[in-house]
Protein chains: 2
Amino acid sequence: MNGMEKTFAQEMLELLGEKKYSALKQELGAKNGADIAAAFGELRPDQIPLLFRLLPKELAAETFVEMEPEDREVLIHGFSDAELGEVINELFVDDAVDLVEEMPANVVKRILAQAEPAMRREINELLRYPENSAGSIMTTEYVSLRPDMSVDEAIAHIRRTAIDRETIYTCYVTKSRKLLGVITIKDMLLYGKDGVTIGDIMDENVISVETLTDQEQVAQMLSKYDFLALPVVDAENRMVGIVTFDDAMDVLEDEATEDIEKMAGMLPSDKTYLRSSSVDLFKHRIPWLLFLMISATFTGWIITSFENALAAQVVLTAFIPMLMGTGGNSGSQTSVTVTRALSLDELSFRDLPAVIWKEIRAAALCGVVLAAACFVKIMLVDRLAFGNADITPMVAFVVCLTMALTVVIAKLIGCSLPMLAKKLGLDPAVMAGPIISTTVDAVSLLVYFGAAKALLRLG
Amino acid sequence: MNGMEKTFAQEMLELLGEKKYSALKQELGAKNGADIAAAFGELRPDQIPLLFRLLPKELAAETFVEMEPEDREVLIHGFSDAELGEVINELFVDDAVDLVEEMPANVVKRILAQAEPAMRREINELLRYPENSAGSIMTTEYVSLRPDMSVDEAIAHIRRTAIDRETIYTCYVTKSRKLLGVITIKDMLLYGKDGVTIGDIMDENVISVETLTDQEQVAQMLSKYDFLALPVVDAENRMVGIVTFDDAMDVLEDEATEDIEKMAGMLPSDKTYLRSSSVDLFKHRIPWLLFLMISATFTGWIITSFENALAAQVVLTAFIPMLMGTGGNSGSQTSVTVTRALSLDELSFRDLPAVIWKEIRAAALCGVVLAAACFVKIMLVDRLAFGNADITPMVAFVVCLTMALTVVIAKLIGCSLPMLAKKLGLDPAVMAGPIISTTVDAVSLLVYFGAAKALLRLG
C-alpha cells in the first residue's frame, strides 16, 4: 500500500509542476478520499490547497474528513470564507463535530460562522454530550419513516433525502419522535407489496443505546449484532441519532490501542506514531517511568534490609533477576488476559470467584513445572557444569520454592487487581501493566528473603 | 448487559419447566441471535436442543452462528440428519466454512452429507484457501449485475435474489465474471431514471483484494475506506467473493487480542477466557515462562561474574531491580508502540531511520530526566534520610549514568527489533514483549557493572 501512495503523491506533484490541471483533476477524481488524504500527508503544507481545489465537492469533503488534524488546520487557514463554508456544509454532522472539537478556538469561530444555520444548531447540540459518549459520536443524519407509509412512499422518501443521510439502508420508524421500530431496505425490497405499510413489516424489537452510553459499549454492541447502525435515544425513548459501523470500527481500534499503551506504561496518545514528535513521545512516557523508578525504591529497601544475609551468601543475589522476572511475566500474562476479556465484555465482576479458582489451578501447574525445571537447571548447569559449590541443594530449594510461590501470588494479584479496578470505576489497563509488575517485584523479594532466612539460617 | 442475559436464560428455563412453549416461542422470536446464543451459553448442554427447535428457521441459523464452538458441537450431536441439513443450508457459505473448520472429522462428514450439492461445492472450494487469507473469510453470496441492465431490472434482480445474499447494498458489475465496477443501492435510488443503465452510473474505480491477501490487510482496508464489503478477485481479476464489514470487525478484534497476548508472552488462544480451562491457560503460558526463566540464567551469570565487585560494595545490589525495571519499561514502551503502529499499517520498514532518530531524541530526554530525578532521590532519600553512608555521590553517579545509557539502548532495541522482525517475516509482537525485556535486562547489568568497575575501581 505505502509504495503505491508514494508514487501517487509524486505523480500529483509532477502533474502540478507541468500545470496539467485537467489530467490532475481526472487522476484525483478516480481516487478514494482516504488515499488522497494519505498522499496529501506526504506533501508540504503549501502544496495541498491548490490540489484540494481541484477535487469535486463530494470527494473534497470525503478527503477532508480523512486528513490528519494538522493538515486540516493548515488547509482551513488557506481557505476563503466561502471555500470553508462549502466544505463544512458538505460534511456529515458527526465529522463536523469532530473537526470543531480538535481545532483551536479562533478556527472554531470561523467554522461555525460559515456553517448553515441548521448545521450550526446541530453541531452545537452534539457538542453538549460528554466525550466518549454515544451522543458525542452519533450523527443526526438518519432516515426516519412513519409507520403508516406504504413501502413505495418510503422508498420515494428515501430517494429524496438519501444524499444527506449517512446510511439509508437501515431506517427508523418514529411517531412524534418516539422510536417504534426499525426496517432495512432489504426487508422493503423482499416484503414490500401493495397494501403493506412500513408499520406492518418493521421490526419492533429495536436494540438502541442512550445518549450517555459509553462509546466503547456502543461499538461492542455494533460488533456483536453485526448491525450497520445503532439508534441513539434520549431518556424518553425519543430518537436523536445513529452511530454507524465505520465509527464503531474506529472506536474499537482506538480503544485497543489505548489499552495497549496503558498496559505498557504510557499515557494514551491521539496522534499516530509518525505524527508524534520526540517531545510528544517523551511526555507520554516519562510519567510512568518516573513513577516506576521511584516505586522501585521499595524493592531497593527490601534488598538493603537483607544486606547481611546477602553478604553472607552472595550467590543468592544471582537469582534475584530470574525470580523477579518470572514473577513479573506470570503476573502480566494473567492481568493482560483478564483486562482484554474485560474490554471485550467477556468478563464481569460476578465472575471473580470463577476467575480466581481458574487462575489458582493454572498457577499451581505453572509453578510446579517452573520450579522443577529450575531445580534441575540450577543443579546441573549452575552447580555441576560451572562448579559453583556455593549453590547447595538447599539454596536451589529456596530459589524454587520462592519461584512457585511467586507465580501463584503474581497470578492472583494479576487477575484480581484489574477486576477490582473495573468494579471501582478505575482503569483496568493501568492496573494490568506497570502497577502489577511493581507489586510483584516487592512480593517476590519478600518471599525470597523470608524463605532464605528460615531455611538457610541467615542473619 | 450480562445481568440482562442471566435473567433471560433463567426466564427461558422457567417457561420450559412450565411447558409454556408458545410463550417461550414468542419470547425467543423477539430476541436477537447474538443474545439467544449468549443465554444458551449459560445453560446445561442437554437444555439447549429443545429450546433451539422452538426458533424460527432464520433466527435458528443466526443463533447457531453466534454460539460457542463447543455448544454447537453438542447441538449437532443432538440433531437428526434432517434438522442438521435445515440449519446448514440456511447458513451463509462463509459461516458454514468456519463451522467445518472447527468441527472434528466425523461431524464434518455429516455436515457435508446434509448440505445441498451447490452449498457443498462452495464449501469445498472455500476450504482450499490458506488460513487467514481473504479467500478463507470471504463469502460467495454477493449480488452481481450486468452493465447493460437498467436500474429497474437491477432492482428486480436484487429483489429476487436478496434473501440468499449476505449484503445487497453494494453490488458488483461483472461481464464473463470479470469485475468491471461497483454500484450501491444508494446510487441506484439517487441516479436511476429511465434510459440509464447500471454501466452508466457504476463506479469503475473498484478497490479489490486478491484471494491470497492477508485477512488483516483486508480488514484494515475495509476500516480505512469505510466500505460495507470489499470484492475478492482471483489472479485474472475474476470476481470470486466478498468480505463484509462484520467479518472485518471480528478480524480486527481477534488480531488485536492476539498481538496483546503475544506481547505479554503467551501463545495466542482462540477461546474466550471463561471457556478456557486452567490446563488451556497453563499450556499457553508455560512455554514463554520456561524460556524466559532459562534465559534469565544469563543475567544470573553476569551477576555471578561480578560477585567480587558486589561483595566489596553490597550497596550496588540494591539498585539492580530499579535499573533492570526502568530498562525493561523503557524498552517495552517503545516496542509496544512500534508494534501497534506496524499492525495498523502506520509504519513500514522504510521509516526505520526516522523511527530510530525520533527514539534517540525521546530516549535522551527520558534518560536525562530519569537520571537527574534518580540522583536527587538517591542523595536525599537513600543517603540522607536513611543515613546510608555507603552510598557515595560516585555510587549515585554510576547508578544514574547506567540508567541514562540503559534507557537509550532499551529504546533503540525496542524500536529496531520489531521492525527488523517484520522485515524478516517474523512476528513483531513476539519481539515486542518477552525477547526485548530479556535482552534489555542483560544489557543493563553489563552497563552497570562496567561503569562500576571503571568508576569505583572495583575488582
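Residues numbered from 1 in each chain as written. Chains lettered and ligands numbered in written order. Predicted model: local features only at pLDDT ≥ 70, side-chain atom pairs only at ≥ 80, totals over all residues.

1. Focus: the overall build of chain A
Link 1 in the chain: Across its full length, chain A carries 22 helices and 6 strands.
Link 2 in the chain: In terms of C-alpha radius of gyration, chain A reaches 30 Å, well past the compact-globule figure of 23 Å for 459 residues.
Link 3 in the chain: In terms of principal-axis extent, the alpha carbons of chain A reach across some 90 × 60 × 35 Å.
Link 4 in the chain: Buried positions account for 47% of the 459 residues belonging to chain A.
Link 5 in the chain: Put simply, 71% of the contacts in chain A that link residues at least 6 apart link residues at least 24 apart. (Helix = DSSP H or I, 4+ residues; strand = E, 2+ residues; numbered from the N terminus. Rg over C-alpha atoms; globule rule 2.2 N^0.38 Å. Buried ≥ 20, exposed ≤ 12 C-beta atoms within 10 Å, placed from the backbone. Contact = placed C-beta atoms within 7 Å.)

2. Some thoughts on the relation of the copies chain B and chain A
Link 1 in the chain: The transformation that overlays chain B on chain A combines an axial shift of 0.0 Å with a rotation of 180 degrees, and the residual RMSD is 0.1 Å. Overall, the copies show the geometry of a two-fold rotation axis.
Link 2 in the chain: When the interface residues of chain B are mapped onto chain A, 100% of them again lie at the interface, so the same face is used by both copies. (Least-squares fit on C-alpha atoms with pLDDT ≥ 70 in both.)

3. A word on the pairing of strand 2 (residues 170-175) of chain A
Residues and elements named next belong to chain A.
Link 1 in the chain: Across 2 bridges, strand 1 (residues 144-145) lies against strand 2 in parallel orientation. Bridging from a neighbouring strand, Leu145 pairs with Val173 of strand 2.
Link 2 in the chain: Tracing the backbone out of strand 1, into helix 12 (residues 151-161) and back to the parallel element strand 2 gives a crossover that is right-handed.
Link 3 in the chain: Strand direction decides the pairing type here: strand 2 and strand 3 (residues 178-184), joined by 6 bridges, are antiparallel. Looking at the pairing, Thr174 lines up with Leu179 of strand 3.
Link 4 in the chain: Hairpin connection from strand 2 to strand 3: 2 residues lie between these consecutive antiparallel strands, with Ser176 at a positive phi of about 45 degrees. (Pairing = 2+ DSSP bridges. Right-handed = clockwise from strand over helix to strand, strands pointing away.)

4. Considerations on the interface of chain B and chain A
In many analyses, interface size is given as the accessible surface area lost on bringing the parts together.
Link 1 in the chain: Taken residue by residue, the interface counts 92 residues in chain B and 93 residues in chain A.
Link 2 in the chain: Tallied by class, the residues present in the side of chain B that touches chain A amount to 55 nonpolar, 21 polar and 16 charged. (Nonpolar A, V, L, I, M, F, W, Y, C, P; charged D, E, K, R; others polar.)

5. Quick look at the sheet that holds strand 5 (residues 229-233) of chain A
Each strand in a sheet pairs with another by means of backbone hydrogen bonds, the pair being arranged parallel or else antiparallel.
All names here are of chain A.
Link 1 in the chain: With respect to topology, 3 strands assemble into an open sheet ordered 4-5-6, the strand pairing being mixed. Only two strands of the sheet have a single partner each, and these edge strands are strand 4 (209-210) and strand 6 (239-244).
Link 2 in the chain: Judged from the 2 bridges that link them, strand 4 and strand 5 form a sheet pairing that is parallel. The partner of Val209 across the bridge, within strand 5, is Val232.
Link 3 in the chain: Each of strand 4, strand 5 and strand 6 touches helix 15 (residues 215-225); the most contacted strand, strand 5, lies at about 140 degrees to it.
Link 4 in the chain: Its contacts with the sheet put helix 16 (residues 245-263) on strand 5 and strand 6, and the angle it makes with strand 6 is roughly 60 degrees. (Axes fitted to C-alpha atoms, helices over the stretch in contact; angles between N-to-C directions.)

6. Quick word on the packing of helix 3 (residues 33-40) of chain A against helix 5 (residues 57-66) of chain A
All names here are of chain A.
Link 1 in the chain: At a closest axis distance of 8 Å, the pairing of helix 3 and helix 5 adopts a crossing angle of 55 degrees. As summarised for this structure, helix 3 and helix 5 are arranged oblique, according to the angle between their axes. Crossing angle aside, the handedness with which helix 3 passes helix 5 is right-handed. Touching Gly33, Ala34, Ile36 and Ala37 of helix 3 are Leu59, Glu62, Thr63, Val65 and Glu66, all from helix 5. (Parallel < 35°, antiparallel > 145°, perpendicular 65-115°, else oblique. Left-handed = near helix turned anticlockwise from the far one by under 90°.)

7. Topic: the environment of Glu153(A)
All names here are of chain A.
Link 1 in the chain: Relative to the elements of secondary structure, Glu153 occurs in helix 12.
Link 2 in the chain: What makes Glu153 partly exposed here is the crowd of 14 C-beta atoms within 10 Å.
Link 3 in the chain: Considering only alpha carbons, one finds Glu153 and Thr197, 44 residues apart in sequence, at a separation of 9.2 Å.

8. With respect to helix 10 (residues 117-127) of chain B
Residues and elements named next belong to chain B.
Link 1 in the chain: Looking at helix 10, one finds that the buried residues are Glu122, Ile123 and Leu126. On an axial view of helix 10, the arc spanned by its buried residues comes to 105 degrees, and they lie on one face.
Link 2 in the chain: Considering only its buried residues, helix 10 is in contact with helix 8 (93-102), helix 9 (105-114) and helix 11 (134-137). (Arc of directions from axis to C-beta.)

9. What to know about the sheet that holds strand 1 (residues 144-145) of chain B
Link 1 in the chain: The sheet built from 3 strands is open, its strands ordered 1-2-3 (chain B) with mixed pairing. The sheet is open, and its two borders are formed by strand 1 and strand 3 (178-184) of chain B, each paired with just one other strand.

10. Digging into the domain arrangement of chain A
All names here are of chain A.
Link 1 in the chain: Examined at the domain level, chain A breaks down into domain 1 (2-132), domain 2 (144-244) and domain 3 (278-456).
Link 2 in the chain: Look at where the C-alpha atoms of domain 1 and domain 2 centre, and you get two points 30 Å apart.
Link 3 in the chain: Facing the 4 residues of domain 1 at the interface are 5 residues of domain 2. (Domains from an automatic or database assignment.)

11. Notes on the packing of helix 16 of chain A against helix 22 (residues 428-456) of chain A
All names here are of chain A.
Link 1 in the chain: For the pair helix 16 and helix 22, interaxial distance at closest approach is 7 Å and the crossing angle is 35 degrees. Across the interface between the two elements, Asp259, Lys262 and Met263 from helix 16 touch Ala429, Val430, Ala432 and Gly433 from helix 22.
Link 2 in the chain: Broken down by class, the residue content of the contact of helix 16 with helix 22 amounts to 4 nonpolar, 1 polar and 2 charged.

12. Some remarks on helix 17 (residues 278-305) of chain A
Residues and elements named next belong to chain A.
Link 1 in the chain: If you check helix 17, its first and last C-alpha atoms are 40 Å apart, about what 28 residues at 1.5 Å a residue would give, namely 40 Å.
Link 2 in the chain: Taking the largest bend as the criterion, helix 17 deviates by roughly 35 degrees, centred on Arg285, and proline Pro287 comes between one and four positions later.
Link 3 in the chain: Those residues of helix 17 that fall on the buried side of the exposure criterion are Leu281, His284, Arg285, Trp288, Leu289, Leu292, Met293, Ala296, Thr299, Gly300 and Ile303. (Expected span 1.5 Å × (residues − 1). Bend = angle between axes of the 7 residues up to and from the residue.)

13. Here we look at the nonpolar core
One broad rule of soluble globular proteins: the nonpolar side chains tend to lie buried together.
Link 1 in the chain: Counting 198 residues, the largest nonpolar core has Val243(A), Val399(A), Val243(B) and Val399(B) as its most contacted members.
Link 2 in the chain: If we ignore the near neighbours within four places in the chain, the residues touching Val399(B) are Phe319(B), Leu323(B), Cys374(B) and Ile378(B). (Core = buried A, V, L, I, M, F, W, Y, C linked by C-beta atoms within 7 Å.)

14. Some details on the confidence of the model for chain A
Residue and element names in this part refer to chain A.
Link 1 in the chain: For chain A, the average pLDDT comes to 89, and 98% of its residues sit at 70 or higher.
Link 2 in the chain: Throughout residues 1-5 the model reports pLDDT below 50, and contacts reaching past four residues in sequence, or to other chains, amount to 5 contacts.
Link 3 in the chain: Scored as a whole, the predicted complex attains pTM 0.83, and scored at its interfaces, ipTM 0.83. (pLDDT = per-residue confidence, 0-100.)

15. A few points about unusual backbone geometry
Where the residue is not glycine, phi is negative for most of them; where a peptide bond is considered, it is trans in most cases.
Residues and elements named next belong to chain A.
Link 1 in the chain: Located in the positive-phi region is Arg177, a residue other than glycine, with phi close to 70 degrees.
Link 2 in the chain: Tracing the backbone shows Arg177 in the loop between strand 2 and strand 3.
Link 3 in the chain: Not every positive phi belongs to a glycine, and Asp345 is a case in point at roughly 65 degrees.

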